[in-house]
Amino acid sequence: MKDLVRPVVAGNWKMYKTISEARNLAAEVVKQAPAPSLATIILIPPFTAIQEVKKTVSKSGILVGGQDLFWEEEGAFTGEISAIQLREAGCDFVLVGHSERRQFFGETDEMVRKKVQAARQHELRPIVCIGENLEDRKNGQTLNKIKSQLENGLFNLPEEEFRMVILAYEPIWAIGTGQNATPEQAEEVHNYIRQLIASRYGKNVSACAIILYGGSVKPANAFSLIKEKDVDGFLVGGASLKAESFLEIVREASRSKEG
Ligand code: PGA
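Residues numbered from 1 in each chain as written. Predicted model: local features only at pLDDT ≥ 70, side-chain atom pairs only at ≥ 80, totals over all residues. Heavy atoms only, no water.

1. Topic: the overall build of the protein chain
On a plain count of helices and strands, the protein chain comes out with 12 helices and eight strands. In terms of overall size, the protein chain behaves like a compact globule, its C-alpha atoms giving a radius of gyration of 17 Å where 259 residues would be expected to give roughly 18 Å. The principal-axis extents of the C-alpha atoms in the protein chain amount to approximately 45 × 45 × 35 Å. A burial count over the protein chain gives 54% of its 259 residues as buried. Long-range contacts, defined here as pairs at least 24 residues apart, represent 72% of the contacts in the protein chain between residues at least 6 apart. Between the mean site of the 32 positive side-chain charges and the mean site of the 34 negative ones, the protein chain shows a separation of 3 Å. (Helix = DSSP H or I, 4+ residues; strand = E, 2+ residues; numbered from the N terminus. Rg over C-alpha atoms; globule rule 2.2 N^0.38 Å. Buried < 20%, exposed > 50% of the residue type's maximum accessible area, 1.4 Å probe, protein only. Contact = heavy atoms within 4.5 Å. Lys, Arg positive; Asp, Glu negative; His and termini not counted. Charge placed at Lys NZ, Arg CZ, Asp CG, Glu CD.)

2. Focus: the pattern of salt bridges
Proximity of charged atoms lets side chains of opposite charge pair with each other. Under the counting rule described, the total for this entry stands at 22 salt bridges. The residue Glu-107 makes a salt bridge to Arg-101 at a minimum N-O spacing of 3.3 Å. Its relative accessible area of 22% is what places Arg-101 among the partly exposed residues. What you see here is one network of salt bridges that share partners, running through Arg-6, Arg-194, Lys-229, Asp-230 and Asp-232. (Salt bridge = Lys/Arg side-chain N within 4 Å of Asp/Glu carboxyl O.)

3. Topic: the sheet that holds strand E5 (residues 125–130)
Strand pairing in a sheet relies on backbone hydrogen bonds. The paired strands run either parallel or antiparallel. Taken in spatial order, the eight strands line up as E1-E2-E3-E4-E5-E6-E7-E8 and close into a barrel, and their pairing is parallel. Going from strand to strand, the sheet's axes swing by 25° on average, the running direction of each strand aside. For strand E3 (residues 63–66) and strand E4 (residues 93–96), the ladder comprises two bridges, and the chain directions are parallel. Directly across from Gly-65, in E4, lies its bridge partner Phe-93. Strands in contact with helix H2 (residues 50–57) are strand E2 (40–44) and E3; relative to E3, the strand with the most contacts, it is inclined by about 170°. (Pairing = 2+ DSSP bridges. Axes fitted to C-alpha atoms, helices over the stretch in contact; angles between N-to-C directions.)

4. Here we look at the site of the ligand
Lining the immediate environment of the ligand, one finds 13 residues, of which Lys-14, His-98, Glu-170, Gly-176 and Ser-216 sit closest. Within the side chain of Glu-170, an N or O atom sits 2.7 Å from an oxygen atom of the ligand. Within the backbone of Gly-176, an N or O atom sits 2.6 Å from an oxygen atom of the ligand. About the coverage of the ligand: the protein hides 95% of its 280 Å² of free accessible area. Of the residues that constitute the shell around the ligand, the class distribution is four nonpolar, seven polar and two charged. (Near = heavy atom within 4 Å. Polar contact = N/O pair within 3.5 Å; in protein donor to acceptor, adjacent residues only side chain to side chain. Areas by Shrake-Rupley, 256 points an atom, 1.4 Å probe, with all protein chains shown as cover. Nonpolar A, V, L, I, M, F, W, Y, C, P; charged D, E, K, R; others polar.)

5. Overview of the nonpolar core
Residues Leu-43, Leu-154, Leu-167, Ile-193, Tyr-213 and Phe-234 are the most contacted members of the largest nonpolar core, which totals 67 residues. With seven residues, helix H9 (residues 183–201) is the single largest residue contributor to this core. With near-sequence residues (within four places) excluded, Leu-154 lies in contact with Val-116, Val-128, Gln-149, Phe-162, Val-165, Leu-167 and Tyr-201. Judged by nonpolar contacts, the second largest core, of 15 residues, contains Ala-10, Ile-42, Phe-93 and Ile-127. (Core = buried A, V, L, I, M, F, W, Y, C linked by side-chain atoms within 4.5 Å.)

6. Let's talk about H9
A rise of 1.5 Å per residue sets the reference length of H9, with its 19 residues, at 27 Å; its end C-alpha atoms lie 26 Å apart and thus fit the reference within 8%. When we look at burial in H9, the residues that qualify are Pro-183, Ala-186, Glu-187, Val-189, His-190, Tyr-192, Ile-193, Arg-194, Leu-196, Ile-197 and Tyr-201. Positive backbone phi, at 100°, marks Gly-202, one or two positions downstream of H9. (Expected span 1.5 Å × (residues − 1).)

7. Overview of the pairing of E2
With respect to burial, E2 is a largely interior element, five of its five residues being buried. The sheet contact formed by strand E1 (residues 8–12) and E2 spans five bridges and is parallel. Of the residues in E2, the one forming a bridge with Val-9 is Ile-41. One crossover worth recording links E1 to the parallel E2 by way of helix H1 (residues 19–32), and it is right-handed. (Right-handed = clockwise from strand over helix to strand, strands pointing away.)

8. Notes on the environment of Arg-125
Note on placement: Arg-125 falls in strand E5. Residue Arg-125 is classed as buried on the basis of its relative accessible area of 5%. Between the C-alpha atom of Arg-125 and that of Asn-180, which follows or precedes it by 55 residues, the distance is 26 Å. For Arg-125, the side chain forms a polar contact with the main-chain oxygen of Met-164, separated by 2.9 Å.

9. Regarding the state of the cysteines
Evaluation of the coordinates by the stated rule reveals zero disulfides. No disulfide involves Cys-91; its nearest neighbouring cysteine sulfur is the one of Cys-129, lying 15 Å away. (Disulfide = S-S within 2.5 Å.)

10. As for the packing of aromatic side chains
Inspection of the entire model under this criterion finds six aromatic pairs. Ring plane angle 85° and centroid distance 5.7 Å describe the contact between Phe-155 and Tyr-201, whose orientation is recorded as edge-to-face. Placement of Phe-155 in the loop between helix H7 (142–153) and helix H8 (159–162) and of Tyr-201 in helix H9 is noted, with a sequence separation of 46 residues between them. Look at Tyr-201 and you get buried, because its relative accessible area is 8%. The ring of Tyr-201 is capped by Arg-200, whose NZ or CZ atom sits 4.2 Å from the centre of that ring. (Phe/Tyr/Trp six-rings, centres within 6.5 Å; stacked < 30°, edge-to-face > 60°. Lys NZ or Arg CZ within 6 Å of the ring centre and 35° of its normal.)

Structure follows, in structure tokens:
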């Protein structure tokens, strides 16, 4: 896959949308989306709707991702889904380590590491979520948390594989709360992530790395967030469930990169 056009805006539909609802939402997005040369759009529906969404967006340049995967290729793992199955259904991307997975389903950095490796073995680009909770932030532990998530979950990857990873900084206290990180708070962490990447993989890799912000992104705050130097796009939850608000965020994001 070629280098992605920035901004990159991904819509994480979580456990919302039946197949027919997903098809309608994807069709609305296709109808009004800006040209692929202006922004990369990734839709991340629930597993049941991936194939239908892929069909609906075909030829539009819009890309599709899964919300999770298991690291084994096949086997007696009831309820799990493999990288191969996601690829066949039409995914080019997969979310890994979303905070809801970590919080409600016990995912650890070690599991994230295995999932990222499995994704790469089958040419899926992982969108790896990292971020601190409110307690970490209050205790001044935000950057330490980010560092340990990166070191334990990702920095074992060889350079050519790491280059295919997209990062999403999602402060847990900002997810679904309506309270986004301020542009300054987001930039502080994004810049720190870029520095850590530079010291592990070198300046060139860190300059190319795509670092998304997620957590209560809305049309009203997208422009101020994307203006920050190290914010390359967004991972959007709630506001991605309606075509209008999602596309407004995409437009705000691409507007800012016009200079
Ligand atoms: P939110 O979710 O936009 O609803 O805060 C973001 C996410 O969970 O990825």
